[in-house]
Amino acid sequence: MTVEKIKEMLDACYQAKRIRDMLPPLPAGVTPSYIQYLDVIEKLECRGVRVKISDISSALGLPRPGVTRTVKEMENKGYLTKIASAEDGRIIYISMTESGKQLSYRYNEQYFGVLAPHLADISEEDADCMIRIMEKFYRGTCEWRDSFYE
């Protein structure tokens, strides 16, 4: 890949950040990661999974201590609840409260649902390709960063 092409890809990333900045403002005290966590929990629960910290960590590729911190914040703000397993009290399940479901609905249905028709000319295949490329770009950049700062 040429240096020019790398610069163009970084410019596209800047545009992606600008797109994210167009999202409607989050309620006070809510971070974008809360929306991501709620999405992961909802997807896992729809597949019949009783969600644990490790499930969220794996799904988002984040370290468990950070996930634990964010889940605790979300619990304190009333978006999540923790439930100890009846079989093994050491296992803690995470689920959305009604407030968490409302927050998730607001962004999934009321924003993304309204946005979807405006993106109808982007095929599922093109979207999947973009996602794969961004994941590769991210991994490559992380590898570069790790080797650069050794």
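We now turn to the structure provided with this report. (Residues numbered from 1 in each chain as written. Predicted model: local features only at pLDDT ≥ 70, side-chain atom pairs only at ≥ 80, totals over all residues. Heavy atoms only, no water.)

Structural notes on the overall build of the chain
- Helix and strand content of the chain: six helices and two strands.
- In terms of principal-axis extent, the alpha carbons of the chain reach across some 55 × 45 × 30 Å.
- Intrachain contacts of the chain at a sequence separation of at least 6 include 51% that bridge at least 24 residues.
- Roughly 11,000 Å² of accessible area belongs to the chain as shown, and the carbon and sulfur atoms make up 57% of that amount. (Helix = DSSP H or I, 4+ residues; strand = E, 2+ residues; numbered from the N terminus. Contact = heavy atoms within 4.5 Å. Areas by Shrake-Rupley, 256 points an atom, 1.4 Å probe, with all protein chains shown as cover.)

Some points on a nonpolar patch on the surface
- A cluster of nonpolar side chains, Met130, Ile131, Ile133 and Met134, forms an exposed patch at the surface whose accessible area comes to about 350 Å².
- As for its position among the elements, Met130 is in helix H6 (residues 124–148). (Patch = residues over 30% accessible without salt bridge, like charges linked within 9 Å, V, L, I, M, F, W, Y side chains within 5 Å. Salt bridge = Lys/Arg side-chain N within 4 Å of Asp/Glu carboxyl O.)

Examining helix H2 (residues 32–46)
- Helix length check: H2 (15 residues) gives 22 Å between terminal C-alpha atoms against 21 Å at 1.5 Å per residue, within 8%.
- Turning to H2, its buried residues are Tyr34, Ile35, Tyr37, Leu38, Val40, Ile41 and Leu44.
- Along its buried surface, H2 packs onto helix H3 (53–60), helix H4 (64–76), strand S1 (80–84), strand S2 (92–96) and helix H5 (98–115).
- In the stretch just after H2, Gly48 is the one whose phi turns positive, near 85 degrees. (Expected span 1.5 Å × (residues − 1). Buried < 20%, exposed > 50% of the residue type's maximum accessible area, 1.4 Å probe, protein only.)

Digging into the pattern of salt bridges
- What the rule picks out here adds up to six salt bridges.
- Here Asp55 and Lys52 are joined by a salt bridge, their closest N and O atoms 3.8 Å apart.
- For Lys52, a relative accessible area of 29% translates into the label partly exposed.
- A salt bridge links Asp88 to Arg90, with the nearest nitrogen and oxygen atoms 2.9 Å apart.
- With relative accessibility at 21%, the residue Asp88 sits in the partly exposed group.

Things to note about the packing of aromatic side chains
- Counting across every chain of the model gives two aromatic pairs.
- Between the aromatic rings of Tyr111 and Phe112, the centroid separation amounts to 5.1 Å while the plane-to-plane angle is 75 degrees, which identifies the pairing as edge-to-face.
- Among the residues examined, Tyr111 registers a relative accessible area of 18% and is labelled buried.
- Taking the relative accessible area as the measure of exposure, Phe112 reaches 34% and is therefore partly exposed.
- The ring of Tyr93 has Arg50 lying over it, and the distance from NZ or CZ to the ring centre is 3.9 Å. (Phe/Tyr/Trp six-rings, centres within 6.5 Å; stacked < 30°, edge-to-face > 60°. Lys NZ or Arg CZ within 6 Å of the ring centre and 35° of its normal.)

Considerations on a negative patch on the surface
- Residues Glu124, Glu125, Asp126 and Asp128 make up a contiguous surface patch of negative charge.
- Assignment of secondary structure puts Asp128 in helix H6.
- On the basis of relative accessibility, which here comes to 38%, the residue Asp128 falls in the partly exposed class. (Lys, Arg positive; Asp, Glu negative; His and termini not counted. Charge placed at Lys NZ, Arg CZ, Asp CG, Glu CD.)

Some points on the side chain of Ser57
- Here Ser57 is to be found in helix H3.
- Setting aside chain neighbours within four positions, we find Ser57 in contact with Leu62, Pro63, Arg64 and Val67.

A look at the environment of Ser57
- Judged by its relative accessible area of 8%, Ser57 falls in the buried class.
- Here the alpha-carbon distance between Ser57 and Val40, two residues 17 residues apart in the chain, equals 9.8 Å.

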